[in-house]
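# Descriptive analysis of the structure
Each chain, letter by letter, is given below.
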Amino acid sequence: MIRVQREDFDPGAEVAALTRGRHDVGGVVTFVGLVRDLAEGKALGAMTLEHYPGMTEKQLRAIDDEANRRWPLAASLVIHRYGRLEPGDRIVLVATASPHRDAAFDACRFLIDWLKTQAPFWKLEEGEAGAKWVEAKASDDAAALRWQAKPAKKPDAAE
Amino acid sequence: MKVLYFAWLRTRIGHAEDTIELPKGVEDVRGLIDLLRAQGPGYALALTDLATVKVAVNHEYVGLDHKLKPSDEVAFFPPVTGG
């Protein structure tokens, strides 16, 4: 399940709703992303998250479907906010529920890594020196690459 | 055809959306970019370095050789920075 919204969310209430009546769930892993008060060493006043309505939902749904295809999840939830946010505000929630913890941990990590490189959101940071669009990080691309399906192993010539 | 711009592409171009009629001979994303670059200095600046520009057609990521239809919604934006 995915949601894109301006409003804040309550992680505890979301997890409770996700697992209510689900006695097949053995564990839930949650990731909550927050706005930091520092951006590249400089004080951050606020940020505005722009998104592409329609495509954002479509891409998040595709990522969520992929997580459910790869891991035996009982339930999953991604909530991503847009609009103006201040340090300490929640930006994103990823929650994955599974009979066993390994699938929940891996799927949660996969979802946040992939959405960072696929979902059309852009951060505009407001600092002392004015407003600045955040640049994509190579480390985020590397984190997402870890989850790419491994290519079929080529026959080793030495064997 | 609806063409949308996001983040710094939108601020460089100066607005969020254009409606463009594809002239004969413009068939793919690359052709549309050449057409847009000629619309003014803001467009040329926004579309200078294609390594920093992502393209989506009808909400899916595409490459520069993707063929366009008049009913398509095309979007140009920088690499994403959500999460």
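### Overview of the overall build of chain B
Along its length, chain B carries 3 helices and 5 strands. Each helix (α) and strand (β) of chain B, taken in turn from the N terminus, gives the series β-α-β-α-α-β-β-β. Over its C-alpha trace chain B gives a radius of gyration of 12 Å, about what one expects of a compact globule, namely 12 Å for 83 residues. In terms of overall dimensions, chain B has a C-alpha envelope of 35 × 30 × 20 Å along the principal axes. Counting the 83 residues in chain B, one finds 25% classified as buried.

### With respect to the overall build of chain A
Along its length, chain A carries 4 helices and 9 strands. Dimensions of chain A, computed from C-alpha atoms along their principal axes, come out at roughly 60 × 50 × 30 Å. Residues counted as buried form 31% of the 159 residues belonging to chain A. The contacts of chain A with a sequence gap of at least 6 include a subset with a gap of at least 24, amounting to 77%.

### Details of the confidence of the model for chain B
Here chain B shows a mean pLDDT of 97. Residues at 70 or above account for 100%. Complex prediction metrics read pTM 0.91 and ipTM 0.94.

### A short note on the packing of helix 2 (residues 55–70) of chain A against helix 3 (residues 101–118) of chain A
Describing two packed helices takes the angle between their axes plus the distance from one axis to the other. Residue and element names in this part refer to chain A. Here helix 2 crosses helix 3 at 150 degrees, and the two axes come no closer than 10 Å. Considering the angle they form, helix 2 stands roughly antiparallel to helix 3. Crossing of helix 2 against helix 3: the hand is right-handed. The segment helix 2 lies against helix 3, with Gln59, Leu60, Ile63 and Ala67 engaging Ala107, Phe110, Leu111, Trp114, Leu115 and Gln118. Residues of the contact of helix 2 with helix 3, tallied by class, amount to 8 nonpolar, 2 polar and no charged.

### Details of helix 3 of chain A
The end-to-end C-alpha separation of helix 3 of chain A is 25 Å, in line with the 26 Å expected for 18 residues at 1.5 Å each. Where the residues of helix 3 of chain A are buried, they touch strand 2 (27–34), helix 2, strand 5 (75–81), strand 7 (90–98) and helix 4 (138–145) of chain A.

### Observations regarding the environment of A:Trp71
Residues and elements named next belong to chain A. Examined against the element boundaries, Trp71 turns out to sit in the loop between helix 2 and strand 5. For Trp71, a count of 20 C-beta atoms within 10 Å translates into the label buried. On a C-alpha basis, the gap between Trp71 and Ala103 in space is 5.7 Å, while along the polypeptide they are 32 residues apart. Apart from the residues lying within four places of it in its own chain, the contact partners of Trp71 are Ser98, Ala103, Asp106 and Ala107.

### A few points about the sheet that holds strand 1 (residues 2–5) of chain A
Residues and elements named next belong to chain A. Pairing in this open sheet of 4 strands is mixed, and the strands run 1-5-7-2 from one edge to the other. Because the sheet does not close on itself, it has two edges, and the strands there are strand 1 and strand 2. Neighbour-to-neighbour, the strand axes of this sheet turn through a mean angle of 10 degrees, independent of strand direction. Examined bridge by bridge, strand 2 and strand 7 share 8 bridges and lie antiparallel to one another. Looking at the pairing, Phe31 lines up with Val94 of strand 7. Packing against the sheet, helix 1 (residues 11–19) makes contact with strand 2, strand 5 and strand 7, and its axis sits at approximately 30 degrees to strand 7. Where helix 2 meets the sheet, it contacts strand 1 and strand 5, and its direction lies at approximately 150 degrees from that of strand 1.

### Things to note about the interface of chain A and chain B
Between chain A and chain B, the residue contacts involve 22 residues of the former and 13 residues of the latter. Where the side of chain A that touches chain B is concerned, the elements lending two or more residues are strand 4 (42–51), helix 2, helix 3 and strand 8 (121–127) of chain A. With 5 residues, helix 3 of chain A is the single largest residue contributor to the side of chain A that touches chain B.

Each value, and the rule that gives it
- Residues numbered from 1 in each chain as written.
- Chains lettered and ligands numbered in written order.
- Predicted model: local features only at pLDDT ≥ 70, side-chain atom pairs only at ≥ 80, totals over all residues.
- Helix = DSSP H or I, 4+ residues; strand = E, 2+ residues; numbered from the N terminus.
- Rg over C-alpha atoms; globule rule 2.2 N^0.38 Å.
- Buried ≥ 20, exposed ≤ 12 C-beta atoms within 10 Å, placed from the backbone.
- Contact = placed C-beta atoms within 7 Å.
- pLDDT = per-residue confidence, 0-100.
- Axes fitted to C-alpha atoms, helices over the stretch in contact; angles between N-to-C directions.
- Parallel < 35°, antiparallel > 145°, perpendicular 65-115°, else oblique.
- Left-handed = near helix turned anticlockwise from the far one by under 90°.
- Nonpolar A, V, L, I, M, F, W, Y, C, P; charged D, E, K, R; others polar.
- Expected span 1.5 Å × (residues − 1).
- Pairing = 2+ DSSP bridges.

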